[in-house]
Amino acid sequence: MKNLFQTIVSRQWLRVSLAAIILVLGMAPIGLPILSDSSRNVAPGENAGSGAATATAFVYQWGGEPGATTRVERSDDGSATWHRVAAIPASVAEIEAVHGQENLVFARSEDAVWVSEDGGETWARAGALPGRTTAMAVLQDTPGTLFVGTESSGLLRSNDRGATWQPVNSPELLLGGAGAMAVSDIRINPSDEEVMYTATGVWLGTSAARLAPLGVFVSVDGGRQWFEMARALPGATPITGLQSVAGSLTAVTAQDADGEHTVQLTLDSGLIEALSSDNAARRAAAARALGLVGSREALPYLSEMLDDPDTLVGDRVVEAIAALDGVESLPALREALKSDHESVRARAAYGLGLFKDTAAIPALSEMLRADGALPARRGAEALATIGAPDAIQALIEPLGPEGTETARHAALIGLAQAGRPAVQPLVTVLASGDPTLRANAAQALGWLKPADATNALIAALDDPVANVRGEAAWALGETGTGAAHAALAAAVEREADAEAHAAANAALARIEQAMGKSAVEESMSSAFLRMLGQVPPTRWTLFGLGVILALALLLAPAVHTRQGQI
């Protein structure tokens, strides 16, 4: 290797040639994308009548081929280049990948859904469908769940990547009628997958059937319950497409033969009636929908629902009241804290937390200290959401010796939720006179993992009570700082109590496992190499490295000569 270096240094033509090659290679990442820009776009007309399903990593496009076959292409570099994957032996209307798992792709043809789990390299026909398809919608946050609209069998849902299908049996989609229902389109709101829209129709006639549109509907609970947004007028033409409206969950643009129409969910869309349904899921969906509609006229109806026996309904009711800024409901929420039913007290605490009602802090504090598990946890979460100093202090109080196990667990959950506002009060408590409070405060800090509490926790390693030292050691292991590592290593050497020693040893091992032993003892050179490895390999960084290497080659003789003189 040394002889090779000397040969390169001693021959000027070789140094210049290598430097030129390195510069050309360094410039290639900049020049090639510019030269290849024209190849990035599909030729005009090549993909006519097709579309593209955009994903985070992979992008798919498709187009028809002779013999009712669909050509599928995939880009792995953000549409810069494309390569063909397996074709689908059917005429495909749409393809959609799952964001973050773009190897999972669904395609819809006239009579089937096709699924690929390897980025389109192979395709399999999903479970049999009861009729021709009209639309498809794929959930992104729940991979493997999708909806398909059919020409005469209504709306279908699959939770297993299309292997099996279940009908969405919602009489609202038929407006209470009967007949062969068609779904002309279904769309999922991109900002909230629980909100989706569909347009339906029904087939009428005997010898010559015609599709009569029924209307546009919305679901706010993932397609389980549906509410009417707009009813089709007599003689209207079927809706051919739906598009969500940016900034609104309760509006959608519907396309038909006469153009585009924006429809909106309103207060008089059967929502008030749905609040009294025997079906708890429908009551919950109606409550959420009323909150999304945004009409404060719904507040009296929602306030009457505060004592609903169903937990989910109660949560949706208080969420809707908060969404409508129903401050006039605060007295009713405070009064509900006195209910004989745990679920009602719990939802009242939840609602008061949503309003950040500081006037409720004393009552919530009492709920945390003395109530059952569910109300205590909801009270702690409400105090954390309020976040005022009095609320944080109310969360710390159950950590003392008089706090029950239920209250302590709930308080720890609340302190973890409170985050930064809880750190300094807990650090202060570490110096209190009660060992139970000190130990629980150290545990709470371990849940929060604040690096700026490291010194206080290190000081607690010398606490006269072994249990406090053990909790402080565990918390330091959670913070994972370099100072925590050094302090724990020293504590392992001097700790005499068996349990505290085990806690310190386990915490030290966790830090070393996370950091790696070499990371703890790394030198300045290895730190530099690590930082260099974190530099993003963009075209400009590659070009810069090429320039540096080229200059190094050209300057090598001078450096070599100086070293020889020394």
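See the structure above.
Residues numbered from 1 in each chain as written. Predicted model: local features only at pLDDT ≥ 70, side-chain atom pairs only at ≥ 80, totals over all residues. Heavy atoms only, no water.

1. Details of the pattern of salt bridges
Side chains bearing opposite charge may pair, as long as their charged atoms lie close to each other. Evaluated as defined, the whole model comprises 31 salt bridges. Here Arg283 and Asp308 are joined by a salt bridge, their closest N and O atoms 2.9 Å apart. Note that Arg283 is positioned in helix H4 (residues 280-293) and Asp308 in the loop between helix H5 (299-303) and helix H6 (311-323), a separation of 25 residues in sequence. Judged by its relative accessible area of 10%, Arg283 falls in the buried class. Here Arg438 and Asp463 are joined by a salt bridge, their closest N and O atoms 2.7 Å apart. With Arg438 in helix H14 (residues 435-448) and Asp463 in the loop between helix H15 (454-460) and helix H16 (466-479), this residue pair connects regions lying 25 residues apart in the sequence. Of the two residues, Arg438 and Asp463, neither departs from the other in class, the shared state being buried. Salt bridges linked by common partners bring Asp315, Arg377, Arg378 and Glu381 together as one network. (Salt bridge = Lys/Arg side-chain N within 4 Å of Asp/Glu carboxyl O. Helix = DSSP H or I, 4+ residues; strand = E, 2+ residues; numbered from the N terminus. Buried < 20%, exposed > 50% of the residue type's maximum accessible area, 1.4 Å probe, protein only.)

2. Describing the environment of Pro464
By the secondary structure assignment, Pro464 is in the loop between H15 and H16. Assessed through its relative accessible area of 74%, Pro464 is described here as exposed. Spatially, the C-alpha atoms of Pro464 and Pro435 are 9.0 Å apart, while their sequence positions differ by 29 residues. Leaving out residues up to four positions away in the same chain, Pro464 has contacts with Arg438 and Arg469. (Contact = heavy atoms within 4.5 Å.)

3. So, the packing of aromatic side chains
Taken as a whole, this structure holds zero aromatic pairs when the rule is applied. Stacked on the ring of Phe58, the Lys or Arg Arg74 has its end atom at 4.5 Å from the ring centre. (Phe/Tyr/Trp six-rings, centres within 6.5 Å; stacked < 30°, edge-to-face > 60°. Lys NZ or Arg CZ within 6 Å of the ring centre and 35° of its normal.)

4. Notes on helix H10 (residues 373-386)
Compared with the 20 Å implied by 1.5 Å per residue over 14 residues, the 20 Å span of H10 between its first and last C-alpha is a close match. Buried residues dominate H10, accounting for 10 of its 14 residues. Within H10, the full set of buried residues consists of Pro375, Ala376, Arg378, Gly379, Ala380, Glu381, Ala382, Leu383, Ala384 and Ile386. Looking at the buried positions of H10, the neighbouring elements they touch are H6, helix H8 (342-354), helix H9 (361-370), helix H11 (389-396) and helix H12 (405-418). (Expected span 1.5 Å × (residues − 1).)

5. Quick word on the nonpolar core
Within the largest apolar cluster, 97 residues are counted, with the highest numbers of intra-cluster contacts made by Phe227, Leu302, Leu415 and Leu426. The contacts of Leu426, once residues within four sequence positions are left out, are Ile396, Leu399, Leu415, Ala441, Ala444, Leu445 and Leu448. With 18 residues, the next largest nonpolar core counts Met181, Met196, Ala212 and Trp226 among its residues. (Core = buried A, V, L, I, M, F, W, Y, C linked by side-chain atoms within 4.5 Å.)

6. Some points on the pairing of strand E6 (residues 101-109)
Extensive coverage of E6 is indicated by the burial of seven of its nine residues. Note: strand E5 (residues 92-98) against E6, six bridges, orientation antiparallel. Note that in E6 the partner of Glu96 across the bridge is Phe106. The loop that links E5 with its antiparallel partner E6 comprises two residues; one of these, Gly100, has a positive phi angle of about 85°. Pairing of E6 with strand E7 (residues 113-116), which is carried by four bridges, proceeds in the antiparallel orientation. Along E7, the bridge assignment pairs Ala107 with Trp114. The turn linking E6 back onto E7 is made up of three residues. (Pairing = 2+ DSSP bridges.)

7. Details of the environment of Tyr301
One can find Tyr301 in helix H5. Separated by 14 residues in the primary sequence, Tyr301 and Ala287 place their C-alpha atoms 9.3 Å from one another. In this view, Tyr301 contacts Ile272 and Leu275; residues no more than four positions away in its chain are not counted.

8. Considerations on the packing of H10 against H11
Their axes nearest at 8 Å, the elements H10 and H11 cross at an angle of 145°. Crossing handedness for the pair H10 and H11: left-handed. Residue-level inspection shows Ala380, Leu383, Ala384 and Ile386 of H10 in contact with H11, the latter providing Ala391, Ala394 and Leu395. In terms of residue class, the contact of H10 with H11 is built from seven nonpolar, no polar and no charged. (Axes fitted to C-alpha atoms, helices over the stretch in contact; angles between N-to-C directions. Left-handed = near helix turned anticlockwise from the far one by under 90°. Nonpolar A, V, L, I, M, F, W, Y, C, P; charged D, E, K, R; others polar.)

9. Re the sheet that holds strand E8 (residues 124-125)
The strands that make up a sheet pair up through hydrogen bonds in the backbone, lying either parallel or antiparallel. A sheet is described by the order of its strands in space; here four strands give the open sequence E5-E6-E7-E8, paired in antiparallel fashion. Pairing within the sheet leaves two strands with one partner each, and these edge strands are E5 and E8. Across two bridges, the pairing between E7 and E8 is antiparallel. Across the sheet, Val115 pairs through a bridge with Ala124, a residue of E8.

10. Some points on unusual backbone geometry
Not every positive phi belongs to a glycine, and Ser79 is a case in point at roughly 75°. Considering the arrangement of structural elements, one finds Ser79 in the loop between strand E3 (69-75) and strand E4 (83-84). Since its relative accessible area comes to 27%, Ser79 is described here as partly exposed.

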